[in-house]
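Close look at the chain arrangement
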Amino acid sequence: MSESNSDNISEITIAKWSDRFFAWLIDFLIITVISTLIMFAFFGKIDFDMNEKWIWIEAIQYFQTSMIFFGYWITLEYKTGQSIGKRILNLKVTNTYGKKADLKGVIISSFGKTFLIPIDVILGWIFTNEKRQRIFNKIGDTIVVKIKNNEESIENIKYKKD
């Protein structure tokens, strides 16, 4: 029962850094608008006077926006593998085998891009591998892939850069 490994190899196309950035930017714009609308509804205005109260309002908005981002990415990427930005650009978060990422991996990956994105990306570029992972992708055992029409999942995988 000796089959050639090349017969069972599945190819996964790793998403470009630029596609991932644009997906993140789309998500950023969506969540920023939602967060701003929430702050407007709560405080009745968006333009605040520069005083002690303003500092607290900014801190509240930063915390609120960060939590919305965190929940948004965890929910969408765990349930569907895609945020709105990723869906628009045909990207998907998977585990390193191209299958649905587990909740722990999605939480870890989402934490990095919510709270530590500059550090996460820069260290990812420095210590990058063939899977183009940010540091928190690597810790969470997730990758971002370019999706095509109904690809079959096979055990052996060959990685290809987009």
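The shown structure was predicted, so the numbers you read here are calculated from the model rather than taken from an experiment. (Residues numbered from 1 in each chain as written. Predicted model: local features only at pLDDT ≥ 70, side-chain atom pairs only at ≥ 80, totals over all residues. Heavy atoms only, no water.)

Quick notes on helix H5 (residues 117-126)
Along H5, the residues that are buried comprise Asp120, Val121 and Gly124. Summarising the axial view, the buried residues of H5 lie within an arc of 90°, below the 170-degree limit, and thus occupy one face. Residues Pro118 and Ile126 are exposed on H5 and point more than 90 degrees away from its buried face. (Buried < 20%, exposed > 50% of the residue type's maximum accessible area, 1.4 Å probe, protein only. Helix = DSSP H or I, 4+ residues; strand = E, 2+ residues; numbered from the N terminus. Arc of directions from axis to C-beta.)

Some thoughts on the environment of Ile139
Turning to its location among the elements, Ile139 is positioned in helix H6 (residues 135-140). Separated by 31 residues in sequence, Ile139 and Ile108 have C-alpha atoms that sit 7.2 Å apart.

Examining the packing of aromatic side chains
For the structure on display, the rule yields 11 aromatic pairs. Between Trp17 and Trp125, the ring centres sit 6.1 Å apart and the planes meet at 80°, which makes this aromatic pair edge-to-face. In this pair, Trp17 is assigned in helix H1 (residues 17-43) and Trp125 in helix H5, connecting sequence segments 108 residues apart. Considering the side-chain rings of Phe111 and Phe115, the 5.0 Å spacing of their centres and the 45° angle between planes classify their relative orientation as tilted. Placement of the pair is Phe111 and Phe115 together in helix H4 (residues 103-115), with a separation of 4 residues, close to one helical turn. The class of Phe111 is partly exposed, set by a relative accessible area of 33%. Through a chain of ring-to-ring contacts, the aromatic side chains of Phe21, Phe22, Trp24, Phe28, Phe69, Tyr72 and Trp73 assemble into a single cluster. (Phe/Tyr/Trp six-rings, centres within 6.5 Å; stacked < 30°, edge-to-face > 60°.)

Digging into the side chain of Gln64
Looking at the element boundaries, Gln64 is found in helix H2 (residues 52-79). With a relative accessible area of 17%, Gln64 lands in the buried category. Within the structure, the side chain of Gln64 is placed 2.8 Å from the side chain of Ser35, a separation counted as a polar contact. Other than its neighbours up to four places away in sequence, Gln64 contacts Ser35, Ile38 and Met39. (Polar contact = N/O pair within 3.5 Å; in protein donor to acceptor, adjacent residues only side chain to side chain. Contact = heavy atoms within 4.5 Å.)

Let's talk about the pattern of salt bridges
Applying the stated criterion across every chain yields a total of 4 salt bridges. In this structure, Lys86 engages Glu77 in a salt bridge whose closest nitrogen and oxygen atoms are separated by 2.7 Å. Residue classification places Lys86 among the buried residues on the basis of a relative accessible area of 7%. By relative accessible area, which is 2% here, Glu77 ends up buried. Salt bridges linked by common partners bring Glu77, Lys86 and Lys113 together as one network. (Salt bridge = Lys/Arg side-chain N within 4 Å of Asp/Glu carboxyl O.)

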